[in-house]
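# Working through the structure, step by step
Here are the chains, one letter per residue:
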Amino acid sequence: DAGVIQSPRHEVTEMGQEVTLRCKPISGHNSLFWYRQTMMRGLELLIYFNNNVPIDDSGMPEDRFSAKMPNASFSTLKIQPSEPRDSAVYFCASSFRSEAGELFFGEGSRLTVL
Amino acid sequence: KQEVTQIPAALSVPEGENLVLNCSFTDSAIYNLQWFRQDPGKGLTSLLLIQSSQREQTSGRLNASLDKSSGRSTLYIAASQPGDSATYLCAPDSGNTPLVFGKGTRLSVIA
């Protein structure tokens, strides 16, 4: 299996622009997670899905952030409008189930907002 | 709410040393605990997963132990090598919420 695939790997954009990050989970996994990593705060959960349904989005910073999972093999995280404080590495991860299941991470999308 | 602390935050050792990384967590009602490795610019790779019924788990030179009642886990690395240099993160799994991560221990093994 190719593992969790994220794109783009790097994104540099200007403040106010829309950013869309993409994730393809491991085939057969039914849980998908979006995390954000910064030096100051470490890894923070933004949102997670079970069977394509959003379960908990309490970690989403504000209304500028939205996430979708239209099918079992694709998810997007969108930031509109982007701000410099959104600069971070965004990770997508998947597991067979959300509870007590081994978690597999993608390589991450490094976002820089100027 | 689960809180995870990893000590030390950074560690530098000469090649060949045995070392211990510590992880403590506040909610001991967990199903399992995972240790991950993260190389610079990369994602997290799962190293070991210890079920709550287990006391320890071994993979090669790595040994992870779990004391659920005291909210502690340790990762023991034997005969460290420069290739072990990375950040190591622990994540207890409470079963009803996604993993909560510590901030990690940044390990440098000097040749």
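For the structure, check the block above.
Residues numbered from 1 in each chain as written. Chains lettered and ligands numbered in written order. Predicted model: local features only at pLDDT ≥ 70, side-chain atom pairs only at ≥ 80, totals over all residues. Heavy atoms only, no water.

### Considerations on unusual backbone geometry
Residue P81 of chain A follows Q80 of chain A across a cis peptide bond; omega there is -10°. Mapped onto the secondary structure, P81 of chain A falls in the loop between β8 (74–79) and β9 (88–95). Phi is positive for N51 of chain A, close to 50°, though the residue is something other than glycine. Within the secondary structure, N51 of chain A is located in the loop between β5 (42–50) and β6 (53–56). Given a relative accessible area of 52%, N51 of chain A falls into the exposed group. Positive phi outside glycine occurs at A79 of chain B, with the angle close to 45°. The residue A79 of chain B is located in the loop between β8 (72–77) and β9 (86–93) in this model. (Helix = DSSP H or I, 4+ residues; strand = E, 2+ residues; numbered from the N terminus. Buried < 20%, exposed > 50% of the residue type's maximum accessible area, 1.4 Å probe, protein only.)

### Examining the state of the cysteines
All names here are of chain A. Per the counting criterion, the structure on display carries 2 disulfides over all chains. Across the disulfide, C23 is cross-linked to C92 (sulfur-sulfur distance 1.9 Å). Torsion about the S-S bond of the C23 and C92 cystine: about -65°, corresponding to left-handed handedness. Remark: C92 occurs in strand β9 and C23 occurs in strand β3 (residues 19–24); sequence separation between them is 69 residues. Owing to a relative accessible area of 0%, C92 belongs among the buried residues under this scheme. (Disulfide = S-S within 2.5 Å.)

Function cannot be read off these values alone, since they describe shape.
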